[in-house]
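Here's the letter readout for the chains.
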Amino acid sequence: MAEVRCAVVGSPIAHSLSPAMHRAAYGLLGLDWSYGAFDVQEGELTEFVSEHREGWRGYSVTAPLKREAAALAAQRDREVEALGVANTLVAIDAGWSAVNTDVPGAINALREVGVDSLSTLRILGAGATAASVALAGLRLGARDVELRVRDERRATRTVQAIEQLGLSVSVVPLHVDVTESVDLLVSTVPGEAIAGHEHAFVGTADAVFDVVYDPWPTGLMASAQSEGRPLVSGLDLLAHQAVLQIELMTGEAVQPDVLVTAAMEALASR
């Protein structure tokens, strides 16, 4: 029987913890599957997946390929249709099915720490992940999003995607003083981008969600923990979205804590 293969694609990819998580799941499930990692540049995904189709069950998709993954698919779930952003490709007869597990993964991770209702959201960064988190916020009741960005021109596509969801969006330079309080602060930017400002951001948020996990722990995480804020880490999001990817690809369920443990072990070995 031919080996079933899956992988994560993106660039850069060497830092990815997805192989550790998915391989841990395969071991637990008793599946003799492989899971690799491929550095695929922006604009090269369509060609890559067409050349890597036979024997391939699915791909986890990370930056900067999430919009291209959505565009190349023959089938899209409702989150992908709403955002034009996909983090999962699963092989189907017609080609590829694009799914966004970041949205339900974020919702599940937030609910796990007791955040199940929102009104206001502050997001640092304006990439594909920011759009997914905004939709997760909407699903939890959010109506207003403040987007903090380093380059307003590069944020246009994400701002439009969030506005099309029906959310009210304000765009603010990243380091303008924080005054208004919000229900949830989400950071999608590298730790160095907000170094020295962590306490200001945390101090005006009821809960904190940092999608970054390297280095571990981040300064924002440390600040949230010191202030006693409910905290969702990047590993929590990675695990919850990976649980859904694994179910899509294998038809089997695993618990997120198994994947978090595998990721922590991989981080510790670096």
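Remember, it's a predicted structure, so these values are computed and weren't measured experimentally.

**Student:** Could you give an account of the overall build of the chain, naming the residues involved and the relevant values?
**Tutor:** Scanning the chain from N- to C-terminus turns up eleven helices and twelve strands. On C-alpha atoms alone, the chain measures out to a radius of gyration of 18 Å, which is about the 18 Å that the 2.2 N^0.38 rule sets for 270 residues. In terms of overall dimensions, the chain has C-alpha extents of about 60 × 35 × 30 Å along its principal axes. Taken across its 270 residues, the chain has 53% of its residues classed as buried. For the chain, the share of sequence-separated contacts (at least 6 apart) that also reach a separation of at least 24 residues comes to 66%. A total accessible area of about 11800 Å² is found for the chain, and carbon and sulfur atoms account for 47% of it. The average position of the 19 basic charges and that of the 35 acidic charges among the side chains of the chain differ by 4 Å.

**Student:** How would you summarise the sheet that holds strand β9 (residues 168-173) if you had to cite specific residues and measurements?
**Tutor:** Sheet architecture is open: six strands sit in the order β9-β8-β7-β10-β11-β12, paired in parallel fashion. The open sheet has two edge strands, β9 and β12 (231-232), and neither has a second partner. With two bridges connecting them, strand β11 (residues 205-210) and β12 associate as parallel partners. Across the sheet, residue F209 finds its bridge partner in β12, namely V232.

**Student:** Tell me about the pairing of strand β1 (residues 5-10), residues and numbers included.
**Tutor:** Judged by how many residues are buried, β1 sits mostly within the fold: five of six residues are covered. Judged from the six bridges that link them, β1 and strand β2 (residues 34-39) form a sheet pairing that is parallel. In the strand pairing of β2, V9 is matched with F38. Once the chain exits β1 it traverses helix α1 (residues 18-29) before rejoining the sheet at β2, and the crossover so formed is right-handed.

**Student:** For the nonpolar core, give the residues involved together with the corresponding values.
**Tutor:** A general feature of soluble globular proteins is that nonpolar side chains tend to end up buried together. By size, the foremost hydrophobic cluster in this structure holds 39 residues, and its most contacted members are I123, L147, L167, L184, V186 and F209. Residue assignment for this core shows that the elements contributing at least two residues are α5 (102-112), β7 (120-124), α6 (128-139), β8 (144-149), α7 (156-164), β10 (182-187) and β11. In terms of residue count, the dominant contributor to this core is α6 (eight residues). Each residue touching I123, except ones within four places of it in the same chain, is listed here: A130, A134, V145, E146, L147, R148, V186 and T188. Counting 20 residues, the second largest nonpolar core, distinct from the first, contains A7, L45, F48 and A91.

**Student:** Account for the sheet that holds β2, with residues named and values stated.
**Tutor:** In spatial order, the strands read β2-β1-β3-β5-β6-β4; together these six strands make up an open sheet with mixed pairing. Bordering the open sheet on either side are β2 and β4 (75-76), each of which pairs with just one other strand. One ladder, built from two bridges, connects β4 with strand β6 (residues 95-99); its direction is parallel. By the bridge assignment for β6, R76 is matched with A98.

**Student:** Which residues make up the environment of A268, and what values go with them?
**Tutor:** Tracing the chain through its elements places A268 in helix α11 (residues 256-268). Spatially, the C-alpha atoms of A268 and F201 are 28 Å apart, while their sequence positions differ by 67 residues.

**Student:** Describe α5, and please don't skip the residues or the numbers.
**Tutor:** Looking only at α5, the buried set comprises D102, V103, G105, A106, I107, A109 and L110. Directly beyond the C-terminal end of α5, a positive phi value near 90 degrees is found at G114.

**Student:** Outline a negative patch on the surface, supporting the account with residue identities and numerical values.
**Tutor:** Together, D39, E44, E47 and E51 make up a region of like negative charge exposed at the surface. Examined against the element boundaries, E51 turns out to sit in helix α2 (residues 45-51). E51 gets classed as exposed once you look at its relative accessible area, which sits at 55%.

**Student:** Summarise unusual backbone geometry; cite the residues concerned and give the values.
**Tutor:** For the bond from A63 to P64, the omega torsion is 5 degrees, close enough to zero to count as cis. You can see P64 is positioned in the loop between β3 (56-61) and α3 (66-72).

**Student:** Please provide a residue-by-residue account of the environment of R229, values included.
**Tutor:** Along the chain, the position of R229 falls in the loop between α9 (219-226) and β12. On the accessibility criterion, R229 (22% relative accessible area) is partly exposed. Distance in space between the C-alpha atoms of R229 and L65 is 32 Å, their sequence separation being 164 residues. If sequence neighbours within four positions are ignored, R229 has contacts with V202, G203, A205, D206, V208 and A224. Of note is the side chain of R229, whose polar atom sits 3.2 Å from the backbone oxygen of E227.

What counts and how
- Residues numbered from 1 in each chain as written.
- Predicted model: local features only at pLDDT ≥ 70, side-chain atom pairs only at ≥ 80, totals over all residues.
- Heavy atoms only, no water.
- Helix = DSSP H or I, 4+ residues; strand = E, 2+ residues; numbered from the N terminus.
- Rg over C-alpha atoms; globule rule 2.2 N^0.38 Å.
- Buried < 20%, exposed > 50% of the residue type's maximum accessible area, 1.4 Å probe, protein only.
- Contact = heavy atoms within 4.5 Å.
- Areas by Shrake-Rupley, 256 points an atom, 1.4 Å probe, with all protein chains shown as cover.
- Lys, Arg positive; Asp, Glu negative; His and termini not counted.
- Charge placed at Lys NZ, Arg CZ, Asp CG, Glu CD.
- Pairing = 2+ DSSP bridges.
- Right-handed = clockwise from strand over helix to strand, strands pointing away.
- Core = buried A, V, L, I, M, F, W, Y, C linked by side-chain atoms within 4.5 Å.
- Patch = residues over 30% accessible without salt bridge, like charges linked within 9 Å, V, L, I, M, F, W, Y side chains within 5 Å.
- Salt bridge = Lys/Arg side-chain N within 4 Å of Asp/Glu carboxyl O.
- Polar contact = N/O pair within 3.5 Å; in protein donor to acceptor, adjacent residues only side chain to side chain.

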